[in-house]
Amino acid sequence: MIFLIEYDRPKGCLVQMKSFADRDKDVAQTERLNLELENHSRGIDREIVILDAASKTAVRRTHRRYFEDLAELLRFAN
Amino acid sequence: MTETSLTRTQVNKLGDRLRKGEVSKSDLRLLEDYRRSFTEAYDHVVEKIRNELGLAPTGRRAKSTKSIIDKLRREGTRLSTMQDVAGCRIVVSDMLGQDKAVRRLEELFPNSNLKDRRKMPSHGYRAVHVIVPHSNKLVEIQIRTSLQQSWAELSEKVSDVVDPLIKYGAGDEEARFVLNSLSRVIEKYETSELRLALDELKDSKPEGAISDAIKNAQAAKKQAIIDSLGEASEVLLSAERTKNDFSN
């Protein structure tokens, strides 16, 4: 699966996540660019990234920072 | 979008404009073309890892514009030489598994280059990176243990919500201190656990069988990390609150 992620760094929070089938990688990439151009027009500075993974669970495991706040990330040994 | 073929000079000129902060819509489109030029190399590397090693990496087809610009400014590198425009990440349980994954990747990609950031941590960041050249492009594979991964995610988050400089060894001193301390605690216990596991392998104990010595080492590791996290939590959450108060 392909995941388009928009993340607000200073606030440390996920703005949106959209998923696409593997065959739709071009669609996802075009959507990523359009979102970036739209944010650029509006003066919004966000991290927009495309990730590939077997599942949403896998993405949440390898890219926790997009989904969890600081307090949650500090509990990793529990 | 039609993928165009940018010359090295065009790519580097684009990088120079991005570095200076001159980000136009046409440059964002050009950068997207450049990202897409990694598709073949990225697909080749990730598919080989999935199909031939049976590992399940999470791939990042393209580094975000924000991260590319930050890196261009921070390191003064040329865009055409950036090694992590496309890449993927593999998380394994421990250093024994990490070493094994790295060996298998080196066998799979014999022309790859290895960056072992466990030997030379970068501001506390520990991992192994395997850089694979393919079709004149580079694809970066990050191999991290779950503890290295948790530390890296924490460090990134602190950089996001407290101070972007922390990740690169500057900014809030107290926050850097607790992150570095935590990294050293993880390193100490991961390394001793690896030594124990290797000794037991030498003694022909079957891989995967967990002895009492390893169980005790794991318990000690967990406690040491919990203690270190307790101290880190106080400092980092307070730094986040201070930054939020200042922003509001």
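Not measured: the values here are computed from a predicted model. (Residues numbered from 1 in each chain as written. Chains lettered and ligands numbered in written order. Predicted model: local features only at pLDDT ≥ 70, side-chain atom pairs only at ≥ 80, totals over all residues. Heavy atoms only, no water.)

Draft legend 1. Layout of the overall build of chain A. Helix and strand counts for chain A come out as three helices and three strands. Counting helices and strands in the order they occur from the N terminus, chain A gives β-β-α-β-α-α. Its C-alpha atoms give chain A principal-axis dimensions of about 40 × 30 × 10 Å. In chain A, 45% of the contacts between residues at least 6 apart in sequence involve partners at least 24 apart. Counting only carbon and sulfur atoms, one obtains 46% of the accessible surface of chain A, whose full area is about 3700 Å². Where the 14 positive side-chain charges of chain A centre and where its 14 negative ones centre are 4 Å apart. (Helix = DSSP H or I, 4+ residues; strand = E, 2+ residues; numbered from the N terminus. Contact = heavy atoms within 4.5 Å. Areas by Shrake-Rupley, 256 points an atom, 1.4 Å probe, with all protein chains shown as cover. Lys, Arg positive; Asp, Glu negative; His and termini not counted. Charge placed at Lys NZ, Arg CZ, Asp CG, Glu CD.)

Draft legend 2. Inspection of the confidence of the model for chain A at higher detail. Here chain A averages 94 in pLDDT, and 100% of its residues register 70 or above. Element-level mean pLDDT values for chain A span from 92 in helix α2 (residues 56-62) of chain A up to 97 in strand β2 (residues 13-20) of chain A. (pLDDT = per-residue confidence, 0-100.)

Draft legend 3. Looking closely at the sheet that holds strand β2 (residues 86-92) of chain B. The strand order across the open sheet formed by eight strands is β2(A)-β1(A)-β3(A)-β1(B)-β2(B)-β5(B)-β4(B)-β3(B), and the pairing between neighbours is mixed. Single-partner strands in this sheet number two, and they are β2 of chain A together with β3 (113-116) of chain B. For this sheet, the mean inter-axis angle between neighbouring strands, taken without regard to orientation, is 25 degrees. Strands in contact with helix α6 (residues 146-161) of chain B are β1 (2-8) of chain A together with β2 and β5 (137-145) of chain B; relative to β5(B), the strand with the most contacts, it is inclined by about 110 degrees. (Pairing = 2+ DSSP bridges. Axes fitted to C-alpha atoms, helices over the stretch in contact; angles between N-to-C directions.)

Draft legend 4. Quick look at the packing of aromatic side chains. This structure, assessed with the given rule, holds two aromatic pairs over all chains. Ring centres of A:Tyr7 and A:Tyr66 lie 5.0 Å apart, and the angle between their planes is 70 degrees; on these two criteria the pair is classed as edge-to-face. Taken together, the residues span a long stretch of sequence, with A:Tyr7 in strand β1 and A:Tyr66 in the loop between α2 and α3 (70-73) at a distance of 59 residues. The two residues A:Tyr7 and A:Tyr66 agree in class, both being buried. For the ring pair B:Tyr34 and B:Phe38, a centre distance of 5.2 Å and an interplane angle of 85 degrees mean the geometry is edge-to-face. Exposure class is identical for B:Tyr34 and B:Phe38. Each is buried. B:Arg74 extends its terminal NZ or CZ atom over the ring of B:Tyr168, reaching a point 3.5 Å from the ring centre. Over the ring of B:Phe38 we find B:Lys137; its NZ or CZ atom is 4.8 Å from the centre of that ring. (Phe/Tyr/Trp six-rings, centres within 6.5 Å; stacked < 30°, edge-to-face > 60°. Buried < 20%, exposed > 50% of the residue type's maximum accessible area, 1.4 Å probe, protein only. Lys NZ or Arg CZ within 6 Å of the ring centre and 35° of its normal.)

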